[in-house]
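# Observations on the model geometry
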Amino acid sequence: MRQALLLISILTALLPSSAQQMEFRKVKLPEPVRHATLDLLYTDRSGFLWMAAGCRLYRYNGLKFHETHTDTAGRPEDVISALYEDSAGKLWVGWQSGHISHVRRDSAFAYEPEEGTPSAAVVAWAQDEQNQLWMATYGEGLYVLAANGRWYQFGTEDGLPGLESYDLISCQNGVLLATDRGLVQASFEAEEKRVEVWDTDDGLSDQIVKSLFKSNEGVWLGYYEQQLDVLKNGKIRPAQQPPATDCHLVLRSGSNTWWLSEGGRLYKSRGESGWMQVDPGGEGRMRVEHLAVDHEEHLWISTNRGLFVTNQWQESLVEDQKVTALALAGDSLWYAHDGKLLFQDLSSGENQQVWEGEHVILNLFIDHLGRVWGGSFDAGLFMYNPATGASRVFDENFGIPNNNVLSVTGDSAGLWMGTLGGAGFIPFSNSRLGRPQVFAGEAGKPVQYIYAVATGAEGEVFLATDGDGILRKKGSGFEALPGDTGAGVVLDLTVDQEGRLWWIDPDGNLYSWTQGEGVQHLKAPEGERGAPAGVEAGPTGNICVFHEEGIHVYFPQEQHWTFYGSSFGFGELQPELHAQVLKDGRLYLGTSSGITSIDMSLLPGRSEPATFLMGVELFFKPVTGKRFAASENHLSFNYIGRWYTDPDRVRYRIMLEGYDLEWNISQNTSVTYPQLPPGTYTFKVVAGIDDHFPEEELQTWSFSIAKPWYLRWYSLVAAVLLTLAIIAIYMRLRLQRIRFRQEQEKERVRAQYEALKSQVNPHFLFNSFNTLMALIEDDRKEAGEYLEDLSDFFRNILQYREVDLYSLREELQIISTYLKLQEKRFGANLQVEIDVPQQYLDTRIPPLSLQLLLENVFKHNVISRSKPLRVKIFVEDEYLVVWNLYQEKSRKESSTGYGLQSIKKKYSFYSRKAVNVEQGADFFAVHLPILKNSDL
Amino acid sequence: MRTFLAGIFLLCTGLSLTAQGKLWKGSGGNISFTSDAPLELIAAQSDKLQGVIDPEKNTFAFAMPTASFAGFNSPLQQEHFHENYMESQKYPRATFAGNFIEDVSELEPGTHEIRAKGNLQIHGETAERIIKCRVDIAKDGEVKIISDFSVPLSDHRISIPRVVHQKIAEEIMVNVEISLQPG
């Protein structure tokens, strides 16, 4: 049986080459570019991708194509031929026609310098160290925009070998220009043009320089023919042999160089292993137009069959085979598929089967002599020597501890193996093998399962055990590492370049140990990652833990974990146990579906979106200032989390400080706040994934909305003052009216009293009674009438004393009774004329005003036969006038003067016109204003 | 460009160009092409290629009447070639004019490889090309130019019906050989 196994070791079964397949994703393009070819791709300084198709220009954020309006009026056939963002952030657009425009706020504006624009296609832009902008054209040579704002042209008279240029790049002093007739170094200082030409005599491999690319190594020169050269410090050295002619575009990222040939074919080269054609669509006959690498190291490829994107870090070397073990020696990648041992030549991509056993190969190791050792499940250890083609199987009969060999490693001294029966060591002496030594645990204890073995510097050996943690070689035996080693089950271990030991437990937790620091326990953060399969130390000290659903990387210096999962294309990684090799920054991973190779240097160190606040709009129009009036209260914010890795997963945490009380999580790339009240606000936004929002990406925008005029302090003060004033005026008016009423009432009461007093004036009564007595004697009948009039008079007085005003007609009736009484006394000596026109009879008058005036007249004037008294009552100029001849009595009647005073006061209540008293030499007149009903 | 076209014109009408200095010129050059498609091989040739080189200015101009292509597999093929694809009536001439990348004025007798960059006009459509050629200079001053290059049909707006897709290659291989005498 074993002999049969040995006989199976037959080599050479050439397998179909499926080498180095890239993962490409076709990007869905929107109308109207869905069926167009993107001529140009450009990554700006913020990391956004710009794409041009014909005369259309787009900015792409991973989800949406945002079109920039280009000014092609009259030139619809024009094509965008060059894009460049200068250090001030201005995006320059060069056109096939020689037209130039620049982009401002999503629109491209024509740029027309005084010197005019070229009439040849703009092919490239660059900015030198003095920030002068250079422009290369195909047909008119080179232009530079000097600091004085003027354009200067470089032509053949300035030393250019030709006017047709292909590419332009900045260099130490000025720019490098690629032309048909060599490489041109041009500079412009103090209005002095300097041109230096390099051609084949100066070391160029070809006259026709088609493309330029700058990297740490220098400037790469891509030729029409011949190899790539690198120019550094004025020296040209050959770099790489290209696979075809016409190196149209060189792009490099990480350790990969890419370039594009004229035939539209895309080639890639990795390190020194040569060029390989890459076909993004996988269907051939595809013409590649342009390439760009974004800030997250994705390669974007525009072709006539659409736009493709790939992550450059991952490629698959073997597909559709379960690869259970692998090992790397130079360019030879050895791997195991079930019981088969195969190898792939990494430079050619060829696969070869060299050996086949009966049992699954669990691990591979290549010793210092190039021999391949493999441990198998249940069939012991085998060795294959590629130099001789010989192979050999070692089992328990040879002396190894157990036929289940889970791990093989070693150094020039010998081979270590971990088995289900303990650890074993086969010493090498020259090319011969010594007798195996077995370490199966202390006597009396059960035999240990050893899952993995690792060797360190100075002969250190560590064993990963199932339950006893790490065993470290000491003298001729092993002892357990002191300290907390978790549950004691060690799935895999590795020793990094500094001699530090790292291991993982079956939960994916990481541990480290050094002689000085002892054991450290690094608990892995919570998360869905699937079961772990192994651990490897990377070249930069990072520790990679391989899980079913991705790679968990620990950065010891930052003490930070990052998980590279489905977003990075590792969602279905499914690595096989211990089947990982890390070499020169590149990881080779045996998985259940083949071999995946990952360039660790290209994996983005940061797996987080970059946040950009793209613009602020007021009523959907862009704003410039940050202070708004009260009515300018409808604000929109546009923001983007740039993360081309997986833009669908980007979420935004936003808050308008001063308005929102807490953070909001949103998927939208804009937010609108309508009808913001006056105040001071700060808009904050940060993009993130998986509920992790990096604080350092927080973008803020502060602004203020003013209060409306009626809410400002001076308006409030004015309003308070106005209210107080109104109240004060009202109070005063009210007070006035109350006083007026009081006065009026008082006056009325006094008037009544005075009237009564005057009417029961003893003189009047005495006179009246004397008159009555005389009449009784003369004419009893007349006396009766007189008495009747007298009582009428008193009745009237009683009747009207409660009344404020009555008609003039009533007053005239009362005084006619009164005058009748007086006529009886004075006879013809009293001549009273009353002439009041009909239309005044209904005007109003305070009661007994005329009676009072007449009484005054009779009281103060002499009435005798020799001096008859004339009295007239008439209307003149809207005044009722009581006029009498002035015949003063020699003996003055005592007078309070109240009568006239009282009348004046009453009239002041009812009329604006005053009562006028006119005193002439021989007459006396009182003018009472006529009170019309309508005036009251 | 205009001077080159004028050059061709003068050349074709047989006028002397000595006034413009020392030129190399020749006619009766041989041009042949093959279209190697999966189902059908088409080949034809013409000996009506004319050319002129101005070594001092490093410029050149070549022309040939497309109707002069002969030697097809069948008369039907020839008819299709001239009527459907080349439209020889409408576009009677194929030209290539431009300047050399390498300097031709100081070439020693012997064999040299130089590149000609210029505008190739076929079927009325112009495409800029860099075409590599072998230049043999004999001791007596005769200049022989030999070149093989390919012409993508898409560069010259020559579209092929899908039905005959398998009969015509997308790129036509062209072979040129012409002798020029210093004049």
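Everything numeric in this text was worked out from a predicted model, so none of it was measured.

## A few points about the interface of chain B and chain A
Opposite the 11 residues of chain B that make contact, chain A presents 11 residues. Roughly 920 Å² is buried in total at the junction of chain B and chain A, and carbon and sulfur atoms are behind 34% of that figure. The interface formed by chain B and chain A includes five salt bridges. Close ionic contact of K117 of chain B with D180 of chain A constitutes a salt bridge, the shortest N to O distance being 2.1 Å. Scanning the region where chain B abuts chain A turns up 10 residue pairs in polar contact (both at pLDDT 80 or more). Secondary-structure elements contributing two or more residues to the side of chain B that touches chain A are β4 (93-100), β5 (110-122) and β6 (125-137) of chain B. For the side of chain B that touches chain A, the element with the most residues is β6 of chain B, which contributes three residues.

## Observations regarding the packing of helix α5 (residues 808-826) of chain A against helix α6 (residues 849-860) of chain A
Residues and elements named next belong to chain A. With their axes 8 Å apart at the nearest point, α5 and α6 run at an angle of 30° to one another. In terms of orientation, α5 lies roughly parallel with respect to α6. Side by side, α5 and α6 meet where L808, E811, L812, I815, Y818, L819 and Q822 of the first sit next to S849, L850, Q851, L854, E855 and F858 of the second. By residue class, the composition of the contact of α5 with α6 is eight nonpolar, three polar and two charged.

## Focus on the side chain of E296 of chain A
Within the secondary structure, E296 of chain A sits in the loop between β27 (288-293) and β28 (298-303). Here T645 of chain A takes part through its backbone nitrogen, which lies 2.9 Å from a polar atom of the side chain of E296 of chain A.

## What about the confidence of the model for chain A?
Mean pLDDT over chain A works out to 84, with 91% of the residues at or above the 70 mark. Segment residues 1-20 of chain A: pLDDT under 50, and 48 contacts once partners within four positions in sequence are set aside and those in other chains are kept.

## Side note on the sheet that holds strand β18 (residues 192-198) of chain A
Residue and element names in this part refer to chain A. With antiparallel pairing, four strands are arranged side by side in an open sheet as β15-β16-β17-β18. The strands lining the two open edges of the sheet, one partner per strand, are β15 (165-171) and β18. Averaged over all neighbouring strand pairs, the angle between strand axes comes to 20°, with direction disregarded. The sheet contact formed by strand β17 (residues 182-189) and β18 spans seven bridges and is antiparallel.

## Here we look at the pattern of salt bridges
When the charged atoms of two side chains lie near each other, side chains of opposite charge can form a pair. A full pass over the atoms with the stated rule returns 31 salt bridges over all chains. A salt bridge links E164 of chain A to K117 of chain B, with the shortest nitrogen-to-oxygen separation between them at 2.6 Å. Of the two residues, E164 of chain A sits in the loop between β14 (151-154) and β15 while K117 of chain B sits in strand β5, which places them in two different chains. Judged by its relative accessible area of 28%, E164 of chain A is partly exposed. Notably, a salt bridge pairs R472 of chain A with E460 of chain A, separated by 3.1 Å at the nearest N-O pair. Of this pair, R472 of chain A sits in strand β45 (residues 470-474) while E460 of chain A sits in the loop between β43 (450-455) and β44 (461-465), and the two are 12 residues apart along the sequence. Given a relative accessible area of 17%, R472 of chain A falls into the buried group. One network of salt bridges, with partners in common, ties together D206 and E225 of chain A together with E102, R115 and K132 of chain B.

## Some details on the packing of aromatic side chains
Residue and element names in this part refer to chain A. According to the stated counting rule, one finds 53 aromatic pairs over all chains in the structure shown. When the ring of W502 is compared with that of Y554, the centres are 6.3 Å apart and the planes differ by 55°; the resulting orientation is tilted. Taken together, the residues span a long stretch of sequence, with W502 in strand β48 (residues 501-504) and Y554 in strand β53 (residues 550-555) at a distance of 52 residues. Relative accessible area serves as the criterion here: at 3%, W502 is assigned to the buried category. Members of the aromatic cluster, each reached through a chain of ring pairs, are F628, F637, Y639, Y652, Y659, Y673, Y681, F683, W701 and F703. Between R371 and the ring centre of F428, over which it is positioned, the NZ or CZ distance is 5.1 Å. When the ring centre of W883 is taken as reference, the NZ or CZ atom of K872 above it lies at 4.8 Å.

Criteria and cut-off values
Residues numbered from 1 in each chain as written. Chains lettered and ligands numbered in written order. Predicted model: local features only at pLDDT ≥ 70, side-chain atom pairs only at ≥ 80, totals over all residues. Heavy atoms only, no water. Contact = heavy atoms within 4.5 Å. Buried area = accessible area lost by both parts, 1.4 Å probe. Salt bridge = Lys/Arg side-chain N within 4 Å of Asp/Glu carboxyl O. Polar contact = N/O pair within 3.5 Å; in protein donor to acceptor, adjacent residues only side chain to side chain. Helix = DSSP H or I, 4+ residues; strand = E, 2+ residues; numbered from the N terminus. Axes fitted to C-alpha atoms, helices over the stretch in contact; angles between N-to-C directions. Parallel < 35°, antiparallel > 145°, perpendicular 65-115°, else oblique. Nonpolar A, V, L, I, M, F, W, Y, C, P; charged D, E, K, R; others polar. pLDDT = per-residue confidence, 0-100. Pairing = 2+ DSSP bridges. Buried < 20%, exposed > 50% of the residue type's maximum accessible area, 1.4 Å probe, protein only. Phe/Tyr/Trp six-rings, centres within 6.5 Å; stacked < 30°, edge-to-face > 60°. Lys NZ or Arg CZ within 6 Å of the ring centre and 35° of its normal.

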